[in-house]
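Working through the structure, step by step
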Amino acid sequence: MSQVTFDFRDSSVVITGGAGGIGAGIGALFAGAGARVAVWDRDPGAFPSGWEPAALLAADVTDEASLREAFAQTLDHLGSVDIVVSSAGITGPVGPLWEYDADDWRRVVDIDLTGAFLTAKTVVPHMRARGYGRIITVASIAGKEATTSLSAYTAAKHGVVGMTKVLAREVVKDGITVNAIAPAMVKTELFSQLTEEFIDRTRALIPLARFLTVDELAATVAWIASDQCGFTTGQTFDLSGGRADY
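Source: prediction; values computed, not measured.

The rules we used
Residues numbered from 1 in each chain as written. Predicted model: local features only at pLDDT ≥ 70, side-chain atom pairs only at ≥ 80, totals over all residues. Heavy atoms only, no water. Helix = DSSP H or I, 4+ residues; strand = E, 2+ residues; numbered from the N terminus. Rg over C-alpha atoms; globule rule 2.2 N^0.38 Å. Buried < 20%, exposed > 50% of the residue type's maximum accessible area, 1.4 Å probe, protein only. Contact = heavy atoms within 4.5 Å. Lys, Arg positive; Asp, Glu negative; His and termini not counted. Charge placed at Lys NZ, Arg CZ, Asp CG, Glu CD. Phe/Tyr/Trp six-rings, centres within 6.5 Å; stacked < 30°, edge-to-face > 60°. 1 Å grid on protein atoms, 1.4 Å probe; cavity = no way out; pocket = protein on both sides within 12 Å on 5 of 7 lines; lining within 4 Å. Points joined across faces, edges and corners; volume = space filled by probe spheres on them. Nonpolar A, V, L, I, M, F, W, Y, C, P; charged D, E, K, R; others polar. Salt bridge = Lys/Arg side-chain N within 4 Å of Asp/Glu carboxyl O.

1. Considering the overall build of the protein
Scanning the protein for helices and strands turns up six helices and seven strands. By the compact-globule yardstick of 18 Å for 246 residues, the protein fits well, its C-alpha radius of gyration being 17 Å. On the principal axes, the C-alpha backbone points of the protein span a range of 45 × 45 × 40 Å. The burial tally for the protein puts 53% of its 246 residues in the buried class. Sequence separation of 24 or more characterises 70% of the internal contacts of the protein that already satisfy a separation of 6 or more. Averaged over its 20 positive side-chain charges, the protein has a centre that lies 6 Å from the centre of its 29 negative ones.

Take a look at the structure:
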């Protein structure tokens, strides 16, 4: 079977949360396709071996000043930013809403939703000035339905989907596309935050009866970021294995 190949040799890419999980997998695909990749992560020291980013920078997506500094350093290293993948996120505790600690709620929303907002706010003026850009936000199946026991995560990911749609309309004439992906569970180190009962229950909800792979997710992100996907914006690409019905 033939394979789809991507060529990003002329592209500069920023991946937030790129030192681990799906962010590292997405970055590896872009780097393998020739892109210059800058990884922004709260813990850049956790970066895995296997590929080398053009820039590995400390950045806290909940801190606007931290993001502005990472962006300035990225321009020093790469010269420009063409593609941004906003993948920094956490799942948070599992439990019913009435038992959810307010500080945990704020932390999940700050990282997953406000982090995506601040990342976009940081890079959009640069992209508008250049007349080109691709922004991909990582939402979730939880952003399309009610995922019980994950109220903060579900609320944040619904917010990411809504923010993506608004931003796409606001920059639609600036040469920038803004899209989201809504994956079902991907087996990464985030599984350590979840109970076995929750993992088994979630797998049972996926008609394909397996979890999404990082490689599958990264390939979808790369296609959305490519010139072949230049006519689609403000959309949420489903990666739920048949779980979502819209």
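2. Side note on the packing of aromatic side chains
Two measures describe an aromatic ring pair: the distance that separates the ring centres and the angle between the ring planes. Enumeration over the complete set of coordinates arrives at five aromatic pairs. Taking the centre distance of 6.1 Å and the plane angle of 25 degrees together, the rings of Phe6 and Phe8 count as stacked. Neither residue differs from the other here; Phe6 and Phe8 are each classed as buried. Plain terms: the ring middles of Phe47 and Trp51 are 5.0 Å apart, the flat faces sit at 70 degrees to each other, and that makes the pair edge-to-face. One aromatic cluster is present, formed by Phe6, Phe8 and Phe30 through successive ring pairs.

3. Comments concerning empty space enclosed by the protein
Inspection of every chain in the model, using the stated rule, returns one cavity of 30 Å³ or more. One number sums up the size of the largest cavity: a volume of about 30 Å³. Residue lining of the largest cavity: Ser86, Ala88, Asp112, Ala116, Val138, Lys157 and Val160, and that is the complete set. Listed by contribution, the elements that provide at least two residues to the lining of the largest cavity are α3 (102–130) and α4 (151–170). For the lining of the largest cavity, the per-class residue count stands at four nonpolar, one polar and two charged.

4. Considering the pattern of salt bridges
With the rule as written, the count across this model stands at eleven salt bridges. A salt bridge links Glu64 to Arg68; the nearest nitrogen and oxygen atoms lie 3.6 Å apart. Residue Glu64 and its partner Arg68 are both found in helix α2 (residues 64–78); the two are separated by four residues, about one turn of the helix. The class of Arg68 is partly exposed, set by a relative accessible area of 47%. Salt bridges sharing partners connect three or more residues here, namely Glu64, Arg68 and Lys121.

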